[in-house]
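# Chains, contacts and geometry: an overview
Here is how the chains run, residue by residue.
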Amino acid sequence: MYTCAGCSCLCDDIEIVTEKDDVKTVYNACRRGAGIFLNYRLSRTEPKVDGKIADFEQAIEKAQDIIQNSENLAIYGLDTTTLEVQELAIKLAEKKEAYIDDNSTFCLGDFVEMILKGELPSTTLEEVKDNAYVIAYWGSDAYHSLSRHMSRYTYYPRGGKRQRGYEEDRFLVVIDVRKTHTAKLAKKNARFLQIRDDLELIEAFNQALDGKAPSIFVNDIPRILKEMEKADFNVIFGGLGLKYGLKGKYEAFKNLIARLNERTGVYFIPAGCHPNMRGFNELMFDKTGEINRYSFNEQRSSDEFAFYRLLENDAIDTAVIIGTDPLNSLPFEYAKKLAKINTIVIDPRETFTGRFARVVLPSAIAGVETGGTMVRSDGVRVELKPLFEKEINDEAILSRLLEVV
Ligand code: SF4
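Just so we're clear, the structure is a prediction, and the values are computed from it rather than from any experiment.

Turning to the UniProt feature "coiled-coil region" (unreviewed entry) in the chain, a few remarks are in order. When the UniProt feature table is mapped onto this chain, "coiled-coil region" (unreviewed entry) is found at residues 53–98. Helix makes up 59% of residues 53–98 and strand 13%, whereas the separation of the span's terminal C-alpha atoms amounts to 28 Å.

So, in structure tokens, the structure goes:
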């Protein structure tokens, strides 16, 4: 069995048929997961210096040189690589007194932080499979972003106390601004709440908890509360829709979860898609008490140290980008700035950022050509076993870069 590092489900039941170094068949994975294994040889990058193909030694020496001479370095990305690599990257940032940040700044890092600080009660996906009755997806289209989430752990599987399946033993709630594919699954024993404003929904839940008629979803909210009270184990999966819908007013959400827990058991798990984002957040939290946007020079985290803000403020002369493609995803004004500084890209595949980088260092695909450990969205550590072993991987590259600091 292999582990797919395609998303934060980190499915560890993947079966693969190979022939020499070719992947012939992949069992159990979703379409995205299967594609990672089947297409692992496509769009691979080569070592490059200033846009020209170089040999690996030339490229790594150039990267060492740039890092050695950098005065304001930032390391960014890291969520598709292993804990072992993230540790080395944090060490590099610490030794260079650099900035370090990952995608959790845009993604669900805030929720991970609340869990790590004990401000939101959380649980594991195995516990959900065995015990959860009401399963709520709030601002998350799991059907697309975490394709096997519902079938492996939440709504569909039978397990533990939930042997009668989703037809009788689970109650699905989907909360979103539009009728997503996940929402379309909410039929019998289910509710879909099409909302305009997440804070308005929180207020309506609070009204119902106060014994008043809620201002919206007059019939649905009392029913959902009644269903939650039927069991002592319910779970809310929060996605990006919830994060941005709360507009930073996290206290309102935390208070609602606390109030629900006065009546019954309600847990929270982030429903995000980067495979090892939580791993990075946990390592940073253990080391610094913060989860991202960190300056080892100033020994603190701040919005100002978010990678895009560093670019915006011309605060860095060098960026080491590991396993992500910011030029492809950042707004144009930040992307333009990134193209002007020294950029070192470490990635198995060709990326848009790689085209403008001073140095490109090709690496191995985690879970296909290199092993290690990742942390699932619920905090459970999962081992990755390589299908084929590639000598040059993120760990080997980061170790070489550390030699010069
Ligand atoms: S759900 Fe995620 S981890 Fe599981 S097979 Fe699909 S991409 Fe891979």
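Once you've had a look at it, read on.
Here the focus is the pairing of strand E18 (residues 381–384). Sheet faces and side chains relate simply in a regular strand, where the side chains alternate between the two faces. Going residue by residue along E18, you find Val382 and Leu384 tucked away on one face and Arg381 and Glu383 left uncovered on the opposite face. Of the pairings in the sheet, the one linking strand E17 (residues 372–375) to E18 comprises four bridges and is antiparallel in character. Along E18, the bridge assignment pairs Gly372 with Leu384. If you look at the hairpin formed by E17 and E18, you'll find five residues sitting between the two strands, and Gly379 has a positive phi there, around 95 degrees.

We now examine the nonpolar core. In this structure, Phe111, Leu120, Trp138, Leu201, Leu246, Phe253 and Phe268 are the most contacted members of the largest nonpolar core, which totals 40 residues. Once residues lying within four places of it in the same chain are set aside, the contact partners of Leu201 are Trp138, Ile175, Leu193, Ile195, Ile216, Phe217 and Ile221. Grouped together as the second largest cluster of nonpolar side chains are 37 residues, Phe37, Tyr137, Ala190 and Phe192 included.

Time to look at the sheet that holds strand E7 (residues 134–138). Read across the sheet, five strands follow the order E9-E8-E7-E10-E11 without closing on themselves; strand pairing throughout is parallel. The open sheet has two free edges, formed respectively by strand E9 (190–194) and strand E11 (266–270), since each of these has just one partner strand. On average, each strand axis in the sheet is tilted by 15 degrees relative to the strand beside it, whichever way the strands run. Examined bridge by bridge, strand E10 (residues 234–238) and E11 share five bridges and lie parallel to one another. Directly across from Gly238, in E11, lies its bridge partner Pro270.

Counting through the fold element by element, Asp110 comes out in helix H4 (residues 109–116). Residue classification places Asp110 among the buried residues on the basis of a relative accessible area of 14%. There is a polar contact of 3.4 Å between the side chain of Asp110 and the side chain of Lys243. Aside from chain neighbours lying at most four places away, what touches Asp110 is Lys243, Tyr250, Ile291 and Arg293.

Quick look at the pattern of salt bridges now. For the structure shown, the criterion picks out 37 salt bridges. Of the charged contacts, one joins Arg41 and Asp22 as a salt bridge, the two residues approaching to 2.9 Å between their closest N and O atoms. Highlighted residues: Arg41 in the loop between helix H1 (31–38) and strand E3 (48–49) and Asp22 in strand E2 (residues 22–27), separated in sequence by 19 residues. On the basis of relative accessible area, Arg41 is assigned to the partly exposed category, the value being 45%. Looking at Asp22, the relative accessible area reads 26%, which means it is partly exposed. A salt bridge links Asp210 to Arg259, with the shortest nitrogen-to-oxygen separation between them at 2.6 Å. Here Asp210, found in the loop between helix H10 (198–209) and helix H11 (220–230), pairs with Arg259, found in helix H13 (residues 250–263); they are 49 residues apart in sequence, far enough to count as distant. Judged by relative accessible area, which is 45%, Asp210 ranks as partly exposed.

The phi angle at Glu97 is positive, at roughly 50 degrees, despite the residue not being glycine. Residue Phe217 is not a glycine yet carries a positive backbone phi of 50 degrees. Assignment of secondary structure puts Phe217 in the loop between H10 and H11.

As a further point, take a nonpolar patch on the surface. Residues Phe106, Leu240 and Tyr244 make up a contiguous nonpolar surface patch of about 280 Å² in total accessible area. Of the residues examined, Leu240 reaches a relative accessible area of 38% and is grouped as partly exposed.

Turning our eyes to something else, we now look at the environment of Thr80. In this structure, Thr80 sits in the loop between strand E5 (73–77) and helix H3 (83–95). Residues Thr80 and Ile316 lie 236 residues apart in sequence; the distance between their C-alpha atoms is 23 Å. Ignoring any residue separated from it by four or fewer positions in sequence, one finds Thr80 in contact with Pro275, Gly323, Ala366 and Met374. There is a polar contact of 3.0 Å between the side chain of Thr80 and the backbone oxygen of Gly323.

Before going further, it helps to spend a moment on the environment of Asp286. Tracing the backbone shows Asp286 in helix H14 (residues 277–288). A sequence separation of 200 residues divides Asp286 from Gln86, and the C-alpha atoms of the two residues are 13 Å apart.

To continue, consider the sheet that holds strand E6 (residues 99–102). Sheet architecture is open: nine strands sit in the order E4-E3-E16-E15-E14-E5-E6-E12-E13, paired in mixed fashion. A single partner strand is all that each edge strand has here, and the edge strands are strand E4 (52–53) and strand E13 (300–301). Inspection of the sheet shows strand E12 (residues 294–295) paired to E13 by two bridges, in the antiparallel sense. Looking across to E13, one finds that Tyr294 is bridged to Ser301. Each of E3, E5, strand E14 (318–322), strand E15 (342–347) and strand E16 (359–362) touches helix H2 (residues 56–69); the most contacted strand, E16, lies at about 125 degrees to it.

Conventions adopted
- Residues numbered from 1 in each chain as written.
- Predicted model: local features only at pLDDT ≥ 70, side-chain atom pairs only at ≥ 80, totals over all residues.
- Heavy atoms only, no water.
- UniProt positions renumbered as here; feature names shortened; annotations may be inferred.
- Helix = DSSP H or I, 4+ residues; strand = E, 2+ residues; numbered from the N terminus.
- Buried < 20%, exposed > 50% of the residue type's maximum accessible area, 1.4 Å probe, protein only.
- Pairing = 2+ DSSP bridges.
- Core = buried A, V, L, I, M, F, W, Y, C linked by side-chain atoms within 4.5 Å.
- Contact = heavy atoms within 4.5 Å.
- Axes fitted to C-alpha atoms, helices over the stretch in contact; angles between N-to-C directions.
- Polar contact = N/O pair within 3.5 Å; in protein donor to acceptor, adjacent residues only side chain to side chain.
- Salt bridge = Lys/Arg side-chain N within 4 Å of Asp/Glu carboxyl O.
- Patch = residues over 30% accessible without salt bridge, like charges linked within 9 Å, V, L, I, M, F, W, Y side chains within 5 Å.
- Areas by Shrake-Rupley, 256 points an atom, 1.4 Å probe, with all protein chains shown as cover.

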